[in-house]
Structure formats: C-alpha cells, structure tokens
Amino acid sequence: MLEKALVGSKKYWAWIFLLLGIAGVGTIAYLYQFIYGLGVTGLSRDVSWGFYIAQFTFLVGVAASAVMLVIPFYLHNYKQFGKIVILGEFLAISSVLMCILFIFVDLGQPMRVMNVMLHPTPNSVMFWDMIVLLGYLGINVLVGWTTLGAERKAVAPPKWIKPFVYLSIPWAASIHTVTAFLYAGLPGRHLWLTAIMAARFLSSAFASGPALLILLCLIVRKVSKFDPGKEAIQSLAKIVTYAMIINVFFFLLEIFTAFYSNIPGHMHPLKYLFVGLEGHTRLVPFMWTAVVLAFLGIGLLLFPATRKNEGTLAIAVLSVFVAAWIDKGMGLVVGGFIPNPFEKVVEYSPTLPELLITVGVYAIGFLVLTVLYKVAIAVKEDTAGLEIPH
Amino acid sequence: MSINRRQFLKIAGISTVLGLGSTAAINSAKRSGLEASTVSPDPAAIPFKRWGMVIDMSKFKTEDDRKKVYEACHSIHNVPDLGNPKDEVKWIWEEKFGATFPDNENEFASHEAMEKPFIVLCNHCAAPACVRVCPTKATFKRKDGIVMMDMHRCIGCRFCMAACPFGARSFNWKDPRPFIKKENLEFPTRTKGVVEKCTGCYERLAIGQKPACVEASNGGIIFGDLEDPNSEIRKTIGSRYTLRRKPALGTEPSVYYLIGGNENA
C-alpha cells in the first residue's frame, strides 16, 4: 500500500521535502549534541529533564487519544467514526514514534539504550513505559494496516484482528497511566506527587488528541477528495469539550489541595508557574496564556453556534491543543524541578540546538503521519461510496 | 493432518520467536541470582551490614576544615571542576541549614543558625528512590548499604536525578576529563552522558580504609556500621539528638547530623 505515498501533487512533494529539510537540520543539531553531550541543552543538575521529556509526555497523550475513536466505532457501532478511525490509529503510530525519538535524544548514552532490554528491571516505571509504548505502536501498526488493507479490497477486516482492536482500548489507557506513574511515584517532587496525575494525563490526552484530529480532518478535507464527515467532526468536538472541562477541573483540584492545605512544598511549584517564585517568573506568561486559551477553547466549544461553525471550531480546538501543550509540554515537567531539593529556584529554558532537535523530531513525526495519511486517503478515495462492514 | 508450505512457515516462525523468548527469560532469571562481584574480598576489608555516617558540624570550626573534606573526596575520585553551576558535578559539598533541612526552617531562629553550613552528600538511603526507578540497575543497593553506581551501564536517562529528594546526583553534561585538575590513576574517570554521585568510598572500604571524607574530617564525621549496636556510630545516635534530611519521605537516609546544645550547634 505504501506505493500510494509515492504519487502526489507538487504541493504534496513540497511538503514532504520541507519536512525532510527540517528533519535534516534537526539531525545535524542532534549530531552536535551527540558529540558534545547534553550540555548543549539548557538542562542542569537542578532541572535535569526539560523540553525533550516534556514533548514525550505530551505526545503520549496524543497517541492515546486514538481510543476516543475506537471505542465509539467498535464498541458502540457509531458508524460516523468508521471513516476516520484509521486517522486516529495512524496519528497514534506517528505520535508513539515521536515519543520514542524524544526519549532517545534525551539519553546521555544513546548507544546503550538496549540496556533497558538487556537488564530488564520491573521495579522501574520506565521499563514498563517502554513495554506499553512498543506494544501500543505494534498494536496500532497491526490494526491500522490490516483494516486499511481490507478496506482497499473492499472486504471486511479479518476476524482475528478484533481481539487486537479490543486490546488497544485498555492499552491506550495504560500508556498514559504508566507515563503518569513516571512522575507520580517520586518522593520529594511535590508538583508530581499526586494521585490524580494519571487521571489528569488521560483527560488532557482526550482533549488534545481529538483536538489535533479535528484540525487534521479539516486539513485532509481541504487537500484531498476525502471528506471525514461533518457529523464525525462534531462528535469529536463534543469529546474535546467534555475532556477539556474535566482536565481543567482536575487541575483546579490540585490548586485547592495545595493552597487550602497551605503546605509550602505543594504551593511552591504552582506559585512558580503562575505568579513566580523569589522573583523568578520565566514560565508565568506561558501559563497564563494556557489559562486564557483553555477558557477560550471551552467557551467556543460549549456554545453550539460556535462549535458547529467549522471556522470557530478550528480556533477552539487549536486553543485547547496549545493550552494542553503549554501545560504538559512546558509547565509540568520543568515546574516539577522548581524549586530544587534545596528549596532554591534554578530556572531553565531550552537552547537553540535543543529547539532544533525538538522541531526535527516533530518533522520526522509529521513526515510519517503525512505518508500514512496519504496512503489512507488514497484508499478512501478509491473506495468512496462503498459500504464496507467492520 | 497435512499442512501447506505457508502454514509450516507460520508455525516455524512462531515457534522460533517463542523459543528465543523463553530462553532469554530463563537466562535472565538465572542471572538475577548472581552477585555482581565474584572475586573473594580482601581480608583487610571491613565487614559491613549498613554503611552509615554521623556528621558533627560543631567539629568544623573554619571554612578550611570543611574544604579539606570536599577536596579529599573530589581529588581522589576525579570529580571535575567545570566552573559553572549549570554543568556542575559534585559528590560532597555544603548547604545552609535551611536548605539542608527545609522542613526545619524557623522564622524566629537566629539568622546565623539558619545560615550555618552543613556538609551534604548521598545519604545511601535504606529505601533509595533512585534505585527503585533506575531502568537498567545501573544504580543499585549493595549488601553493605552503599547505593552504588555502575557508570558503564548507565544510559543517562536521569530518572534517578528526578527521584532523589536530596539533590545528591550529578550528570556529566559534557566530557568531564579535561576538567579534572590532577587525575588519580587509581580511580576511574567518567564519560559524558552518565550520572554520578558519592559511591561511599567502596574502593577504600574494600582495602580496610575509612571513607576519604571521614579521614579528612578530623573526627567531625563518625563512620560505621548502623546494624552493629556496639559501634561508635550507633552509640552516638543512641545517646544524642540527631537529625536526618527529609525523613518523612521514607527513604531512610543513612547520614545523620548531630544537633547539639549551644556549643555543639
């Protein structure tokens, strides 16, 4: 089926080469980091995880969101999602791929990465994270490719794929739960030491992932003959609405516990993020941007008129997506390290090589996404109008 | 039952995967029973059940007294001096009272008391969070209580740095070798991209010597076996008021601090 990605318009190839170019720049920046060491980043012994790990954490959420299409379609026979469930699965594939790359570029000794398999350590959450991420990648490749292959031949997918489809549902929850456990089980990092972390991760995932899917659906409709369907997009928008409201609610629960209990350790990182601590305010403008965007997004989604208008819907889901990205892709990871174990504020910001590598990884992810979507859409265009059972 | 070529290949492929997988599983199960060190110990080595320290800050009268301790450790362990806080690597250093014991800050205590320096290092916790999170067992707990680092196995994921509530761990953000003042050829240097920290002077204990910081402390650091009720360290902890850093987190630090009266404080 991959040959379908080799035929495309001039615009398609321009986009492919643009992504290749960005990925190339990222690769050169990575070689520089590989030779010099992680010292090329803004990280320090006080803030020892930064942009890379934050992107990884955020993208695990995007990957997990495929389940928001799988559940309605396969468990509730919601036919509107039949056309786009493959888009969710392929988004999951490229997101997990980016997750793996972000972990890889964050390693101090990348050549030793196989040590995680050579010396399996079940007491480490990272070991389980590797297992669930690789498993989720495998399941989505298998399910996505098999169902699309069947669709190309206009036949129902083979029966043996069903157990894998059902397995993908709890597995999607597991990738984000285990990723939350990376943080939620550490003593002495008050921002992360919260039982609601996994729940927050899932709610944020089910807001940001489907939000991105809506944007992708709108783009797909613009650049191809395949229409994901107005009703499918509207259903996704409702999912985003509920999930984002729950996400904001969960966050407010954190604020309540920290500030009503008045425990300094719990208040410090939140103060750092939203008002600054000891005069250090680097993340404050970003966090408030996230707050404004979150409420703007929810507002536009709540009113049927603005949700049903695809122009305002696009603004709404973009707002939700950026708000979730700032929250997890910037605030959560860095905020956990501030103040440091000696109650001192040491700030962090990514450096140019770090940003280039980050953008490079995103370019690779979007390249894979583009190729997969191209294949999927080509199949959809071929079989348009045919009713295929599932 | 007859099978065609396609079915045969399928079965063969699946059995190969299963076979390889189970061999690997059996091997790793076997391996877990092995000790890291299989050579017989030096007869001079002090037998230990649980590495422990009591640091008596009253014995360190001047800044020089403390610097001697840091220097003794950093020089023999090839700890580089990178000259900036961002890249900093350190095994033993000092922090103010308020930073060392953040839960014991007190607005009415004298400014002097809160600013008093305390020597800090890895606590070699009995329930170390760093060991729990390490995905490769590159950091592990030895039978003598030392929380050890295998710098050859470390993949540099820095999960241990996020897990340690004491800020005891440093990362080699770049090649540390050019920044070692005078290399001690008896002790390994490190490469870029690995985490390091105090290793409890395992190499000195193995030949019957006390840790370098203890030796340089002029009696300011009492070192011994926390599991031995007759040891000086146990008698000190049993008879005087001591503090540990962040005991509420349950990591059970093995480094104790003596907080005496006026003259000892």
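None of these values were measured; they are calculated from a predicted model.

Draft legend 1. Spotlight on the nonpolar core. A:A63, A:C99, A:Y136, A:I214, A:V240 and A:V320 are the most contacted members of the largest nonpolar core, which has 185 residues in total. Looking at this core element by element, the count peaks at 15 residues for helix α4 (residues 85–106) of chain A.

Draft legend 2. Up close: the interface of chain B and chain A. The partner chain A presents 32 residues to the 41 residues of chain B that form the contact. If you list the elements that add at least two residues to the side of chain B that touches chain A, you get α5 (129–133), α6 (159–163) and β6 (170–171) of chain B. In terms of residue count, α6(B) provides more of the side of chain B that touches chain A than any other element does, 4 residues in total.

Draft legend 3. The arrangement of the sheet that holds strand β8 (residues 221–225) of chain B in detail. Residues and elements named next belong to chain B. Across the sheet, which stays open at both edges, the 4 strands sit in the order β8-β1-β10-β9 with mixed pairing between neighbours. Only two strands of the sheet have a single neighbouring strand rather than two, namely β8 and β9 (242–243). Sheet topology places strand β1 (residues 51–56) next to strand β10 (residues 255–258); 4 bridges connect them, and they run parallel. Pairing of D56 across the sheet is with L258, part of β10. Across the sheet, helix α9 (residues 232–239) touches β1, β8, β9 and β10, and the angle it forms with β8 is around 115°.

Draft legend 4. Examining the packing of α4(A) against helix α8 (residues 197–223) of chain A more closely. Residue and element names in this part refer to chain A. Running from N to C, α4 and α8 cross one another at 115°; their axes reach a closest spacing of 11 Å. The two elements α4 and α8 cross, and the hand of that crossing is right-handed. Across from L87, G88 and L91 in α4, the residues of α8 making contact are L213, L216 and C217. Looking at the contact of α4 with α8, its residues break down into 5 nonpolar, 1 polar and no charged.

Draft legend 5. Structural context of α4(A). Taking 1.5 Å as the rise per residue, α4(A) with 22 residues should run 32 Å; its terminal C-alpha atoms sit 32 Å apart, in good agreement. Of all the 22 residues making up α4(A), 20 are buried; the element is thus mostly covered by neighbouring parts of the structure.

Draft legend 6. Focus on the packing of helix α1 (residues 10–36) of chain A against helix α14 (residues 352–382) of chain A. Residues and elements named next belong to chain A. It is at 7 Å that the axes of α1 and α14 come closest, and there the two elements cross at 140°. Taken together, the axes of α1 and α14 lie oblique to each other. Where α1 crosses over α14, the handedness of that crossing is left-handed. Taken together, the residues that form the contact of α1 with α14 break down as 19 nonpolar, 5 polar and no charged.

Parameters at a glance
Residues numbered from 1 in each chain as written. Chains lettered and ligands numbered in written order. Predicted model: local features only at pLDDT ≥ 70, side-chain atom pairs only at ≥ 80, totals over all residues. Core = buried A, V, L, I, M, F, W, Y, C linked by C-beta atoms within 7 Å. Buried ≥ 20, exposed ≤ 12 C-beta atoms within 10 Å, placed from the backbone. Helix = DSSP H or I, 4+ residues; strand = E, 2+ residues; numbered from the N terminus. Contact = placed C-beta atoms within 7 Å. Pairing = 2+ DSSP bridges. Axes fitted to C-alpha atoms, helices over the stretch in contact; angles between N-to-C directions. Left-handed = near helix turned anticlockwise from the far one by under 90°. Nonpolar A, V, L, I, M, F, W, Y, C, P; charged D, E, K, R; others polar. Expected span 1.5 Å × (residues − 1). Parallel < 35°, antiparallel > 145°, perpendicular 65-115°, else oblique.

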